[in-house]
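Here are the chains, one letter per residue:
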Amino acid sequence: MKSFRRFILFCSALILVTASLAAQPTTGRLTGNATLDGEALPGVTVTIESPSLQGTRVAYSDSNGNFNFGALPPGRYTVTFEMESMQTVSRQVDVTLTGTARADAALRLSALSEAITITAAAPTVIETQEIQTNIKADLIEDLPIARTLIGTVSLAPGVTQNGPAGNTVISGSPSYDSTYYINGSVVNEVLRGQPLNVFIEDALQETTVLTGAISAEYGRFTGGVVTAVSKSGGNEFSGSLRDSFTNETWTEDSVQEDSLNETYEGTFGGRMIRDRLWFFGAGRYVENAQGNFLNSTSISYTTTAEQQRLEGKLTGLVTPRHTLVGSILELENEISNRCLVGSGCHELRTLSETEKQPQDLLSVSYNGILSSNLLIEGSYSDSSLTFSASGGLSGGPVTATTLVLAAFDGGVAGAAPFCADCSDEVRSTEAIALKSTYYLSTGSLGSHSIVAGYEDFSEQRLSNNHQSGSDFHVWTFDTAPTRAADGSLITSIGRNAGFVIYWPILQSSIGNDFTTESVFVNDKWDLNKNLSFNLGVRYDVNDGRDSAGARVADDSKISPRLGVIYDLKGDGRVRLNASYSEYVSKISNGNIGDAASPAGSPSILYWLYGGPSISNVSSDELLAQVFAWFEGEGGIDDRDWLLGGQTNGVSSQIRSSLQSPGVEEITLGASFTVGSTGFFRIDLQDREWSDFYTTRVDTSTGRVFDPLAGKDQDLSLTENSDDFVREYQAVILQAGMRVFNRVTLGANYTWSELRGNHGGETSGSGPVSSGGRDFYPEFLGFANRNPIGYLSADQRHKVRAWASYDLPTSFGNFNMSLLQRFDSGVPYSAVGSIDVTTGNGCPVCRSNDGLYVNVPSGVGYFFSERGEFRFEDLTSTDLALNYSLPIGRMELFVQGELLNAFDESAQVGGNTTVSTAFNDSSLEPFDPFTTTPIEGVHYRLGSNFGQPTTATTQATQGHFQLARTYRGSVGIRF
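All of these numbers come straight from a predicted model, not from anything done at the bench.

## Comments concerning the overall build of the protein
Step number 1: The helix and strand inventory of the protein stands at 6 helices and 64 strands.
Step number 2: Expected size for 974 residues packed as a compact globule is a radius of gyration near 30 Å; at 30 Å, the protein falls within 12% of this value.
Step number 3: Taking the principal axes of its C-alpha atoms as reference, the protein extends roughly 105 × 65 × 50 Å.
Step number 4: Looking at the 974 residues of the protein, the share that counts as buried comes to 55%.
Step number 5: In the protein, the share of contacts with a sequence separation of at least 24, taken over all contacts with a separation of at least 6, comes to 73%.
Step number 6: Carbon together with sulfur atoms contributes 54% to the accessible area of the protein, which is approximately 38,900 Å² in total.
Step number 7: With 66 positive and 109 negative side-chain charges, the protein shows a separation of 8 Å between the mean positions of the two kinds.

## Focus on the sheet that holds strand E41 (residues 652-653)
Step number 1: Strand order in the open sheet formed by 4 strands is E41-E47-E44-E52, and the pairing between neighbours is mixed. In this open sheet, the two edge strands, each paired with only one partner strand, are E41 and strand E52 (770-775).
Step number 2: Pairing of strand E44 (residues 692-697) with strand E47 (residues 716-721) involves 5 bridges; the strand directions are antiparallel. In the sheet register, Tyr 693 faces E47, and the bridge partner there is Asn 720.

## Considerations on the sheet that holds strand E31 (residues 482-483)
Step number 1: The 3 strands are arranged E31-E32-E39 in an open sheet whose pairing can be described as antiparallel. On the outer flanks of this sheet lie E31 and strand E39 (614-617), each paired with one strand and no other.
Step number 2: Note that strand E32 (residues 489-493) and E39 share 2 bridges and pair antiparallel. Counted as the bridge partner of Ile 493 is Ile 614 from E39.
Step number 3: Relative to E39, helix H5 (residues 619-632) is tilted by about 155 degrees, and along the sheet it contacts E32 and E39.

## A few points about empty space enclosed by the protein
Step number 1: As enumerated under the stated definition, the model contains 9 cavities of 30 Å³ or more in all.
Step number 2: Of the voids in this model, the largest cavity is the one considered here, and its volume is about 270 Å³.
Step number 3: Counting residues per element, the ones that place at least two in the lining of the largest cavity are strand E1 (28-36), strand E5 (66-72), strand E25 (374-387), strand E28 (425-441) and strand E29 (447-462).
Step number 4: The wall of the second largest cavity is formed by 18 residues, among which Tyr 176, Ser 178, Asn 188, Glu 459 and Lys 586 lie closest to the centre.

## Looking at the environment of Ala 433
Step number 1: Its place among the elements puts Ala 433 in strand E28.
Step number 2: Spatially, the C-alpha atom of Ala 433 lies 6.3 Å from that of Asp 456, the residues being 23 residues apart in sequence.

## Describing the packing of aromatic side chains
Step number 1: Throughout the structure, instances matching the rule amount to 37 aromatic pairs.
Step number 2: With a centroid separation of 5.3 Å and an interplanar angle of 75 degrees, the aromatic rings of Phe 477 and Phe 499 are classed as edge-to-face. Taken together, the residues span a long stretch of sequence, with Phe 477 in the loop between strand E30 (472-476) and E31 and Phe 499 in strand E33 (residues 498-502) at a distance of 22 residues.
Step number 3: Owing to a relative accessible area of 36%, Phe 477 belongs among the partly exposed residues under this scheme.
Step number 4: Each ring, one from Trp 607 and one from Phe 630, has its centre 4.8 Å from the other, and the planes form 70 degrees; the classification is edge-to-face. Separated by 23 residues along the polypeptide, Trp 607 in strand E38 (residues 604-608) and Phe 630 in helix H5 bring together distant segments of the chain. Of the two residues, Trp 607 and Phe 630, neither departs from the other in class, the shared state being buried.
Step number 5: Positioned above the aromatic ring of Tyr 790 is the side chain of Arg 755, whose terminal nitrogen or guanidinium carbon lies 4.8 Å from the ring centre.
Step number 6: The lysine or arginine in question, Arg 973, covers the ring of Phe 893, its NZ or CZ lying 3.9 Å from the ring centre.

## Points about a nonpolar patch on the surface
Step number 1: A cluster of nonpolar residues, Phe 237, Phe 268, Ile 887, Met 890 and Phe 974, forms a patch on the protein surface that exposes about 430 Å² of accessible area.
Step number 2: Its place among the elements puts Phe 237 in the loop between strand E17 (225-230) and strand E18 (238-247).

## Remarks on the state of the cysteines
Step number 1: Going through the model one piece at a time under the given rule, you end up with 3 disulfides.
Step number 2: One disulfide in the model links Cys 419 with Cys 422; its S-S distance is 1.9 Å. On the S-S bond that ties Cys 419 to Cys 422, the torsion sits near 75 degrees, and the link is right-handed.
Step number 3: Paired through a disulfide, Cys 842 and Cys 845 show a sulfur-sulfur distance of 2.0 Å. Between Cys 842 and Cys 845 the disulfide shows an S-S torsion of about 65 degrees. By sign, it is right-handed.
Step number 4: Judged by its relative accessible area of 8%, Cys 845 falls in the buried class.

## Re H5
Step number 1: The end-to-end C-alpha distance of H5 is 20 Å, a good match for the 20 Å that 14 residues give at a rise of 1.5 Å each.
Step number 2: Phi for Gly 634, located one or two positions after H5, is positive at around 110 degrees.

## Re unusual backbone geometry
Step number 1: In this structure, Ser 296 is a non-glycine residue whose phi angle is positive, near 60 degrees.
Step number 2: The topology assignment puts Ser 296 in the loop between strand E20 (277-293) and strand E21 (300-319).
Step number 3: Look at Ala 389: it is not a glycine, yet its phi comes out positive at around 60 degrees.
Step number 4: Since its relative accessible area comes to 25%, Ala 389 is described here as partly exposed.

## Here's the deal with the pattern of salt bridges
Step number 1: Evaluated as defined, the whole model comprises 39 salt bridges.
Step number 2: For Glu 347, the salt bridge identified is with Arg 349, shortest N-O distance 3.7 Å.
Step number 3: Owing to a relative accessible area of 36%, Arg 349 belongs among the partly exposed residues under this scheme.
Step number 4: Of the charged contacts in the structure, one is a salt bridge between Arg 551 and Asp 543, with a shortest N-O distance of 2.8 Å.
Step number 5: For Arg 551, a relative accessible area of 44% puts it in the partly exposed group.
Step number 6: Exposure remark for Asp 543: the relative accessible area of 25% places this residue in the partly exposed category.

## A closer look at the environment of Ser 922
Step number 1: Note on placement: Ser 922 falls in the loop between strand E62 (914-916) and strand E63 (939-941).
Step number 2: Given a relative accessible area of 52%, Ser 922 falls into the exposed group.
Step number 3: Taking the C-alpha atoms as reference, Ser 922 lies 8.4 Å from Val 937; in sequence the two are 15 residues apart.
Step number 4: There is a polar contact of 2.7 Å between the side chain of Ser 922 and the side chain of Asp 920.

## A look at a negative patch on the surface
Step number 1: Side chains of Glu 287, Glu 306, Glu 330, Glu 332, Glu 334 and Asp 360 sit close together on the surface and give a patch of like negative charge.
Step number 2: Broken down by element, the residue count for the negative patch peaks at 3 residues, all from strand E22 (residues 322-338).
Step number 3: Tracing the backbone shows Glu 330 in strand E22.

## Considerations on the pairing of strand E26 (residues 402-405)
Step number 1: What you see with E26 is no split at all: Thr 402 and Val 404 on one side and Leu 403 and Leu 405 on the other are buried throughout.
Step number 2: By the bridge criterion, 3 bridges tie E26 to strand E27 (residues 412-414) in an arrangement that is antiparallel. What sits directly across from Thr 402, in E27, is Gly 414.
Step number 3: The turn linking E26 back onto E27 is made up of 6 residues, and Gly 410 within it adopts a positive phi angle of 75 degrees.

## A look at the pairing of strand E48 (residues 726-739)
Step number 1: By the bridge criterion, 10 bridges tie strand E43 (residues 678-690) to E48 in an arrangement that is antiparallel. Across the sheet, the residue bridging to Ile 682 is Leu 733, located in E48.
Step number 2: Here 14 bridges tie E48 to strand E49 (residues 743-756), and the two strands are oriented antiparallel to one another. Bridging across to E49, Gln 734 finds its partner in Asn 748.
Step number 3: Taken together, E48 and the strand that follows it, E49, pair antiparallel across an intervening segment of 3 residues, in which Phe 740 is found at a positive phi of about 55 degrees.

## Description of the side chain of Thr 80
Step number 1: Structurally, Thr 80 is set in strand E6 (residues 75-82).
Step number 2: With sequence-adjacent residues up to four places away left out, Thr 80 is seen in contact with Thr 45, Val 46, Thr 47, Thr 88, Val 89 and Ser 90.

## Section: the environment of Gly 43
Step number 1: Along the chain, Gly 43 falls in the loop between strand E2 (39-40) and strand E3 (45-49).
Step number 2: Separated by 265 residues in the primary sequence, Gly 43 and Gln 308 have C-alpha atoms spaced 53 Å apart.

What counts and what doesn't
- Residues numbered from 1 in each chain as written.
- Predicted model: local features only at pLDDT ≥ 70, side-chain atom pairs only at ≥ 80, totals over all residues.
- Heavy atoms only, no water.
- Helix = DSSP H or I, 4+ residues; strand = E, 2+ residues; numbered from the N terminus.
- Rg over C-alpha atoms; globule rule 2.2 N^0.38 Å.
- Buried < 20%, exposed > 50% of the residue type's maximum accessible area, 1.4 Å probe, protein only.
- Contact = heavy atoms within 4.5 Å.
- Areas by Shrake-Rupley, 256 points an atom, 1.4 Å probe, with all protein chains shown as cover.
- Lys, Arg positive; Asp, Glu negative; His and termini not counted.
- Charge placed at Lys NZ, Arg CZ, Asp CG, Glu CD.
- Pairing = 2+ DSSP bridges.
- Axes fitted to C-alpha atoms, helices over the stretch in contact; angles between N-to-C directions.
- 1 Å grid on protein atoms, 1.4 Å probe; cavity = no way out; pocket = protein on both sides within 12 Å on 5 of 7 lines; lining within 4 Å.
- Points joined across faces, edges and corners; volume = space filled by probe spheres on them.
- Phe/Tyr/Trp six-rings, centres within 6.5 Å; stacked < 30°, edge-to-face > 60°.
- Lys NZ or Arg CZ within 6 Å of the ring centre and 35° of its normal.
- Patch = residues over 30% accessible without salt bridge, like charges linked within 9 Å, V, L, I, M, F, W, Y side chains within 5 Å.
- Salt bridge = Lys/Arg side-chain N within 4 Å of Asp/Glu carboxyl O.
- Disulfide = S-S within 2.5 Å.
- Expected span 1.5 Å × (residues − 1).
- Polar contact = N/O pair within 3.5 Å; in protein donor to acceptor, adjacent residues only side chain to side chain.

And the structure:
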C-alpha cells in the first residue's frame, strides 16, 4: 500500500510539474530485464552504445531486474550487461522510431564462462499493444517503391490511397484526419491534411506508422500517426550523391514525348566534435517538364516545375546528460504554364504563368537526464506553406475575367482563374511541447515508465480567395467552341444562355487561428513477467477563431487509452493483447472552422445574360460585348437580370461551439516470435466515429436578410451531430523474417470494411459538413438521399509482400528485390440528381408553400445501394535490381526498377453518370418519398456507366492502373 500511495502521489505531482512540459516523436525507448537462474537480478550495470548515440549511457537493473532507457535516437544499439562475478553479456538490438525495443539477459557465474554476444532480438512490433509498422531507409532503398513519405506509408497495413484525389486513408478515417511528423514537426497541409513533401528522400532514416491502440502521447487525429526522422550525422563522415531518372516513354504504350526527368540528391554528415557535436546536411533539385494539350485541340504546352529542397541539422551533447537537436528544412518551388482547373484550359493565356510555393520547417528539441529515473524532453516546431503568384493578373472585367464553357466541357478560357497579384495565401503551424518520463520500480506493483506532458499546437490560414483578377466569371451555355485557322478560340453566347457571376470579397481575412492545448499521462506498467498494462489518458482543449476573428470553437474532451498484454510463458514468445482507446481530432480548418466567416471568402451575385446573341468571336471580344451590355444595365447594381446571390457569412452561422469529432476503438491481438529473427502478429480492430460536422436548415432555424442579394435567405447552422454513421472493422496480419542474413522477407494483409453514410471531405475543399436529417427535412428527408453502405474509401483486401536477397561477389554486391501488391476494387454507386419540389420542376413532388426561401435542386438520389458496384482488383509485381561496387572508401551504386512487370491492366475508376428528369426530359420526375423509381422510366444508367472514360491506354493512367514502367538511379555513397 505504501508503494501504491507513492505511485499515485508521484503521478499527481508529475502532471503538475509538467504543466509546461511534452515532446514530439523523434526517439525510441529501450527496456529489458536481467536474471540469474530465472530470478530477477538487481544491480546489474547496463551500458548502451550506438553509432546513433553521442557517448554511452548507463543504467542499473532495479529490484525486479528491470532497466529502462528513454529518448534514444533510433538505430542499432549494443547493450552490455556487467556484474561482478558474472559473465558479461552483450546484445545487439534495434531501437525504432517511437518504438519500445527490448534486450533481456540471463547472466551466469563467470568461473568458467566467457563473455557472450547475442545479435538476435525480438522485433519491436510485438513488444507493444500498438498496431505499428516500422520501415527503415535501407528497406526502401532495396524495394521498387516510390521513395516518398506516402510511398513508404503505403507499405503499412491498414493504409490505403482511396481518399479524395488518391489521398491517404489510415484505419478508415477521413484522409485529412491523421497526423504526420518529420523531425518532430507536424507537416500536415493545413486545409486537406496530407503531408507536405518538404523532406529529402535520401536523408530519411526511418518511418513509423501507428494505426491502432495508440498511446496518449499522441493526439489531434482519428486516423493514425506517421512519424519520420532524418539522419543526424555521426562520429564518422558519410554522405551520398544520387541521380534518379524517369521518362514518360518508359511507360508501356506511352504517347508522350521523349523527355528525361532527373532528380538530384546529396547528403553529407559527420562530426564537428567527436561524441559532442554532429552535423548533417542534404539537398535535392528537380526540374520536371510535362507535355499537355489545350482542351479539344492538338495545341500543346509544357508545364514545368523547378524545385529545390535543403536541410540542415545539428545534434549537440551540451553535457553528458543534456542533448540539443536543431533541424531546418526549406523548399523552393516554381511552377510555370499550369492549368489551374481540373476541367482544363482552352487558351494558352488562361495558364498561370509562374507560381511560387515556398515551404519551410523548423524544429528544435532537447532532452535531459535529471537522474537515473527522470528524463525530460522539450521541442518547438513551426512550418509554413505560401502560395504566391497563382492565377491571372488583377485588372478590369474584359482583361482579367475567366470565361467558363459550362455547356461544353466546363473548361476555361480568357484570363486564368484566381488572382496572382492580389495577396499571398499562407498556411502555417506552430507547436510547443514538453514531456517528462519517470521510471518507477516497486516491490509489489512492478515497474512503471510514466510519461506526462503538455502540448500547445496551433494552425493558421491567411487567404483572400479571389476567383479571378477582376472577381468576375462569365459562363456560356452555348454551342461548342470552334477554332480559327490559326488555332485561336472562337466562342459564342446566346441571349438567356449564360451568366455573369460576381465574386466580391467584402472583408479581408486577418487569418484564422485554431489551437489545441493538451495534457496527458501514460504509464507503461510491467506488473510481472507475464502481465503488462498501458494506462493513459489525454485531455484536449480547443480554441478556434475564424478569419474574421470570431470565436467558433471552445470545447474540451478526455480520451482514455487503455491496453493490456499477457505473455503466456513470460519469455516473449507468445503475447496476447487488448486495448480500448478514444481519439479526438482537432477542429478542422477551411469550410468547417471558417464556415460562418465573411472574411477572405468570396460572396456571390449572378445575373442571367440578357443581351443580344454573340456568335463566333474571340474570347476577348465576347467578354467585351458581354460587359458592355452588363454595364449598360447598371452593372452590379442591376436587379432586373439578377437571379440570385449570397453574402458570405450572413446566411451561414456557427451559433454554438464546434466540437472535435472523435472515434472509439477496440483492438484484440496476438503476436508470436518465429525462430530467432521472425515474427507473426494478428490484430482485430473495431472503430466507430461520433460528433460529425453537419449543416442544419429546418423551420426552426429561420431566415436572415442578405444585403448583397437584397432578399431573405434560409439560415444554415454548422454544428455537430451523431445522426450519421461511420464504422470500420479490420483484421490485420503482419509477418517478417531474416533468413541466413541474406534474405529479408516481409508481408502484411488487411481485411477491412468501411461502412456508413458520412464521407465528410472532398478533393477540392478537404473537410466539409454534411446535410443530415435536419437539412430541409420536409423535402430531403427521404431514405435514398444518404443511405448507409460501403463508403468510397472502403477496400476489402490489401496485400503487401516483399522479398530481398543480397548476393555479395568479388566484383560487387547485388540485391534483388520483389514487391507484390494486391488491392481489391473500390466501391461506387448509381447516384443521380433529382428535383424535390414542384417549384423546381417536379409536378408530383411537394410544394414549398413558403416553408423555405429556396429548397435545393439537383439533390442526389441513390438508385442503388451505397457501394453496390466495384471497380477491378489491382495486382502488380514490381522488381528491383541493385548493384553496388566498393571503390576505396566510396561505393558506386546503380538501381533499376520494373513496375507492374506483367503489365496488368486493372480498371480502377470509371464513369458513374446516371440520367434523370433533372437532366433528361425523356424521363419522368418522381416523388422520392412515395415512389420506387423504375429504371428506364425515372432514371437511366449512362451508356458508359462503370466504363473508363479518362484514358484509353494504361500509359495515360486515368481510370487504369499504371502500365509497365521502368525507372532508375545511379550514385555514390561514402
